[in-house]
Amino acid sequence: MNRNQVLPQVQLSSEPSALKRIDFCAPQSYQGAGFLSISDLPRVAEEASSVVAGDGFDWEVMTHFEDSPGSEPQQIMNLGLKGRIHLICQRCLQDCAVDLEENRRFVLVATEEEADAYPLEDEEQEPLVASQQFNLLETIEDEVLLSLPLIPKHPEGFCEPHATAFGDEESEGELEERENPFNILKNMKKN
Ligand SMILES: [Zn+2]
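Bear in mind that the values here come from a model prediction, so they are computed numbers and not experimental data.

Asks: Kindly report on a negative patch on the surface, identifying the contributing residues and their values.
Replies: Together, Glu112, Glu113, Glu114 and Asp116 make up a region of like negative charge exposed at the surface. Within the element layout of this structure, Asp116 appears in helix H3 (residues 112-116).

Asks: Any details on the coordination of the zinc ion? Residues and values, ideally.
Replies: Bound to the zinc ion are the protein donor atoms Cys89 (SG), Cys92 (SG), His154 (ND1) and Cys159 (SG), situated 1.9 to 2.3 Å from the metal. Here the zinc ion is ringed by 4 donor atoms whose angles at the metal span 107 to 115 degrees, and the overall shape comes out tetrahedral. Between consecutive donors of the zinc ion, the numbers of intervening residues give the motif C-x2-C-x61-H-x4-C. Separated by 67 residues along the polypeptide, Cys92 in the loop between strand E4 (71-88) and strand E5 (95-109) and Cys159 in the loop between helix H4 (136-147) and helix H5 (169-178) bring together distant segments of the chain. Under the relative-accessibility criterion, Cys92 is labelled buried at 8%. Residue classification places Cys159 among the buried residues on the basis of a relative accessible area of 14%.

Asks: Just give me the short version of the sheet that holds E4, but keep the residues and values in it.
Replies: Pairing is mixed across the open sheet formed by 6 strands, whose spatial order is E1-E2-E3-E4-E5-E6. Each edge of the open sheet is held by one strand with a lone partner, namely strand E1 (9-11) and strand E6 (126-129). Within this sheet the neighbouring strands show an average axis-to-axis angle of 25 degrees, counted without direction. In the sheet, E1 pairs with strand E2 (residues 29-37) via 3 bridges, with the strands oriented parallel. For Val10, the partnering residue across the bridge sits in E2 and is Tyr30.

Asks: Describe in detail the nonpolar core, supporting the description with residues and values.
Replies: Grouped together as the largest cluster of nonpolar side chains are 35 residues, with contacts concentrated most on Trp59, Ile85 and Leu136. For this core, the elements supplying multiple residues, two or more each, are E2, strand E3 (56-68), E4, E5 and H4.

Asks: I'd like a rundown of unusual backbone geometry, residues and numbers included.
Replies: Non-glycine residue Leu93 carries a positive phi angle of around 65 degrees. With respect to the helices and strands, Leu93 occurs in the loop between E4 and E5. Owing to a relative accessible area of 30%, Leu93 belongs among the partly exposed residues under this scheme.

Asks: Which residues make up the pattern of salt bridges, and what are the values?
Replies: Applying the stated rule across the entire model yields 8 salt bridges. The partner of Arg104 in a salt bridge is Glu126, and the shortest N-O contact between them spans 4.0 Å. Pair noted here: Arg104 is in strand E5 and Glu126 is in strand E6, with a separation of 22 residues, a long-range link. Linking Glu143 and Arg104 is a salt bridge whose minimum nitrogen-to-oxygen distance equals 3.0 Å. On the criterion of sequence distance, the pair formed by Glu143 in helix H4 and Arg104 in strand E5 is long-range, its members being 39 residues apart. What emerges from the salt-bridge pattern is a single network uniting Glu102, Arg104, Glu126 and Glu143.

Asks: Give me the lowdown on the side chain of Ser147, citing residues and values where you can.
Replies: Structurally, Ser147 is set in helix H4. On the basis of relative accessible area, Ser147 is assigned to the buried category, the value being 11%. There is a polar contact of 2.6 Å between the side chain of Ser147 and the backbone oxygen of Glu143. Not counting chain neighbours up to four residues away, the residues in contact with Ser147 comprise Leu100, Glu102 and Arg104.

Asks: I'd like to hear about the packing of aromatic side chains, residue by residue, with values.
Replies: All told, the structure shown has 2 aromatic pairs when counted by the stated rule. On the numbers, 5.5 Å between centres and 90 degrees between planes, the contact of Phe24 with Tyr30 is edge-to-face. Pair check on accessibility: Phe24 and Tyr30 agree, each one buried. The interplanar angle of 65 degrees and the centroid separation of 5.0 Å between the aromatic rings of Phe24 and Phe134 together place this pair among those described as edge-to-face.

Scoring rules and cut-offs
Residues numbered from 1 in each chain as written. Predicted model: local features only at pLDDT ≥ 70, side-chain atom pairs only at ≥ 80, totals over all residues. Heavy atoms only, no water. Patch = residues over 30% accessible without salt bridge, like charges linked within 9 Å, V, L, I, M, F, W, Y side chains within 5 Å. Areas by Shrake-Rupley, 256 points an atom, 1.4 Å probe, with all protein chains shown as cover. Salt bridge = Lys/Arg side-chain N within 4 Å of Asp/Glu carboxyl O. Lys, Arg positive; Asp, Glu negative; His and termini not counted. Charge placed at Lys NZ, Arg CZ, Asp CG, Glu CD. Helix = DSSP H or I, 4+ residues; strand = E, 2+ residues; numbered from the N terminus. Donors = N, O, S within 2.8 Å, 3.2 Å for Na, K, Ca; no water. Tetrahedral: all angles 85-135°; square planar, octahedral: opposite > 155°, others 65-115°. Buried < 20%, exposed > 50% of the residue type's maximum accessible area, 1.4 Å probe, protein only. Pairing = 2+ DSSP bridges. Axes fitted to C-alpha atoms, helices over the stretch in contact; angles between N-to-C directions. Core = buried A, V, L, I, M, F, W, Y, C linked by side-chain atoms within 4.5 Å. Polar contact = N/O pair within 3.5 Å; in protein donor to acceptor, adjacent residues only side chain to side chain. Contact = heavy atoms within 4.5 Å. Phe/Tyr/Trp six-rings, centres within 6.5 Å; stacked < 30°, edge-to-face > 60°.

As structure tokens, then:
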């Protein structure tokens, strides 16, 4: 039996605050799309060097259930993100428009333990702990942060190096090590 055929499909509101409490424990699937401006995403706003009209992210979410042999069907969420943010170019130290486009797939699991035990080597999908008041806005914000380039730069030849900018390969390596986005995210989640 294909469970999706019998489950109601619920339309997600595009209102940012409505995305903070989604019931992922209910026997229903979701779809929705909207636009989040930089100010809707406070942690992203901290990273932005400036905000120009139109900056922000179109998002699209679809969930469905997939049969999984020997256990309950798994709830899968696909998230698409497309948008623009301004960051400091690490060559010239001026504003630089960065376009992002990401598609992510998640599997919703019941507990933290299940999420911790989820194989890290699975690059196709990541676990999220389902709840009745799931903060989808926070998940979208996490994914935007993870998608930001470690070293934002204008296209090659577009700008001149600033006297104090990191230029050589060695210092770029150091920067990359220090600013690993997974560490940034971990630290943010702790706070
Ligand atoms: Zn530049």
